[in-house]
Amino acid sequence: MTSAAPLPLRWRTATVIARRPETSQVATLVLDVPGWPGHRAGQHVDLRLTAADGYQAQRSYSIASANDGTAVAITVERVADGEVSPFLLDEVRISDDLELRGPIGAYFVWNPEAGNPLLLIAGGSGVAPLMSILRARAQAPDPPAARLLYSSRDEASIIYRDELDRMATATGGPGILYTLTRERPTVWSGALGRIDRAMLERVGFPPTDEPLAFVCGPTPFVEQVAADLVALGYPGERIRTERFGPTGAVG
Ligand SMILES: Cc1cc2nc3c(=O)[nH]c(=O)nc-3n(C[C@H](O)[C@H](O)[C@H](O)COP(=O)(O)OP(=O)(O)OC[C@H]3O[C@@H](n4cnc5c(N)ncnc54)[C@H](O)[C@@H]3O)c2cc1C
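Please read these numbers as outputs of a predicted model, since none were measured by experiment.

Rules used throughout
Residues numbered from 1 in each chain as written. Predicted model: local features only at pLDDT ≥ 70, side-chain atom pairs only at ≥ 80, totals over all residues. Heavy atoms only, no water. Pairing = 2+ DSSP bridges. Helix = DSSP H or I, 4+ residues; strand = E, 2+ residues; numbered from the N terminus. Axes fitted to C-alpha atoms, helices over the stretch in contact; angles between N-to-C directions. Buried < 20%, exposed > 50% of the residue type's maximum accessible area, 1.4 Å probe, protein only. Contact = heavy atoms within 4.5 Å. pLDDT = per-residue confidence, 0-100. Phe/Tyr/Trp six-rings, centres within 6.5 Å; stacked < 30°, edge-to-face > 60°. Lys NZ or Arg CZ within 6 Å of the ring centre and 35° of its normal. Right-handed = clockwise from strand over helix to strand, strands pointing away.

A.B. asks: Where do I start with the sheet that holds strand β3 (residues 44-50) in this structure?
C.D. replies: The pairing of strands in a sheet happens through backbone hydrogen bonds and is either parallel or antiparallel. Pairing is antiparallel across the open sheet formed by 6 strands, whose spatial order is β4-β3-β6-β1-β2-β5. The sheet terminates laterally at β4 (56-62) and β5 (71-77), the two strands that pair on one side only. Across this sheet, the average inter-strand angle for adjacent strands is 40°, counted without regard to direction. As paired strands, strand β2 (residues 26-32) and β5 are joined by 7 bridges and run antiparallel to one another.

A.B. asks: What's the story with the side chain of H44 in this structure? I'm lost.
C.D. replies: Among the structural elements, H44 can be located in strand β3. Taking relative accessible area as the criterion, H44 reaches 17% and is therefore assigned buried. Excluding residues within four positions of it along the chain, H44 makes contact with S60, Y61, S62, I63, P103, I104 and E242.

A.B. asks: It is not clear to me how the side chain of S125 should be interpreted in this structure. Could you clarify?
C.D. replies: Within the secondary structure layout, S125 lies in the loop between β7 (118-123) and α2 (127-139). With near-sequence residues (within four places) excluded, S125 lies in contact with E77, I159 and F244.

A.B. asks: I keep staring at the confidence of the model for the chain and nothing clicks. Help me out?
C.D. replies: Predicted coordinates in areas of low pLDDT are best not read in detail. Overall, the prediction assigns the chain a mean pLDDT of 94, with 95% of residues at 70 or greater. Across residues 247-251, where pLDDT falls below 50, the model places 13 contacts with residues more than four positions away in sequence or in other chains.

A.B. asks: Looking at this structure, how should I read the packing of aromatic side chains?
C.D. replies: Each aromatic ring pair is characterised by the separation of its centres together with the angle its planes make. Applying the stated rule across the entire model yields 3 aromatic pairs. Judged by centre distance (5.2 Å) and plane angle (85°), the rings of F108 and F214 are edge-to-face. With F108 in the loop between β6 (97-104) and β7 and F214 in strand β11 (residues 212-217), the pair connects residues that are 106 residues apart, well separated along the chain. Here F108 matches F214 in class, with each residue buried. Geometrically, the ring pair formed by Y178 and W188 is tilted, given 6.3 Å between the ring centres and 40° between the ring planes. Placement of Y178 in strand β9 (residues 175-180) and of W188 in the loop between β9 and β10 (191-192) is noted, with a sequence separation of 10 residues between them. For the residue pair Y178 and W188, the accessibility class agrees, reading buried in each case. Grouped by ring-pair contacts, the aromatic residues Y150, Y178 and W188 constitute a single cluster. The ring centre of Y160 lies 5.2 Å from the NZ or CZ of R135, which sits over that ring. Above the face of the F205 ring, R147 is positioned so that its terminal group lies 3.9 Å from the ring centre.

A.B. asks: Any chance you could explain the sheet that holds strand β12 (residues 239-243) here in plain terms?
C.D. replies: Pairing in this open sheet of 6 strands is parallel, and the strands run β10-β9-β8-β7-β11-β12 from one edge to the other. For this open sheet the edge positions go to β10 and β12, each flanked by a neighbour on one side alone. Sheet topology places β11 next to β12; 5 bridges connect them, and they run parallel. Residue pairing in the sheet places G217 in a bridge with R243 of β12.

A.B. asks: Whenever I open this one, the pairing of β11 confuses me. Can you help?
C.D. replies: For β11, the buried fraction is high: 6 of the 6 residues fall into the buried class. Neither face of β11 is left uncovered, since the one carrying L212, F214 and C216 and the one carrying A213, V215 and G217 both have all their residues buried. Of the pairings in the sheet, the one linking β7 to β11 comprises 5 bridges and is parallel in character. Bridged to A122 within β11 is C216. Following the chain from β11 across helix α5 (residues 219-231) to the adjacent parallel β12, one finds a crossover that is right-handed.

As structure tokens, then:
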């Protein structure tokens, strides 16, 4: 008997093989996941922690890396009173094992063959899956035009800054505009203030170009940006959204 039903996701053991501080509150963990089936840019994984008394906590983390053998990178931002993110940032060491399942997600994914111009809009650590898309795009043979609009509290909170700046100056690289919501540096070539309709209109592609938009960040940020894109004429079916938390503050 043959069946097209997808296999249920199973928990796997993932070993931490690298740790990279990204900002004072954010770090990337690179995990080696034997048997990893590969992933699409934009998908996420679930991590499960088990305490000595059997108590378990489970959280989702976007995959930040492009599809790369059995290595899977996640980028974790500290939630000050959080249960899981401080543990991942403060306690987890290289060679530690974590439980992971995935890849998960069929909707917030980018297909490199899609020819539509790509508008990526990030709030804070919401840049993680968009980085996976940009890294996959950098490997694609014939990538479409892409622009990233990325909102952070201040300059020191910009995640992946060096790599993003390198991408932006590479031939055929994406256009990148940073905006800062809580700092006005004396020397600054990016934007200032929260992402609003005027900023989206300036940075985005006209709806007649049939762009595909990916929006990721705290829930209120995502809802505001998606509503502004709709108001600018982006059809709902070409706006993909991913929400990181129920009560997250805007960039
Ligand atoms: C599909 C998906 C992908 C995600 N990808 C990432 C990722 O790539 N990187 C990442 O850092 N996080 C990501 N998250 C969020 C992550 O799953 C956790 O919610 C986050 O790490 C907080 O977990 P915690 O156990 O530390 O905090 P919790 O103990 O769950 O929460 C503590 C307090 O913080 C609030 N809170 C929870 N999440 C947030 C938040 N994101 N911002 C502000 N306040 C919050 C809660 O309401 C609560 O009051 C993703 C979430 C989803 C659903």
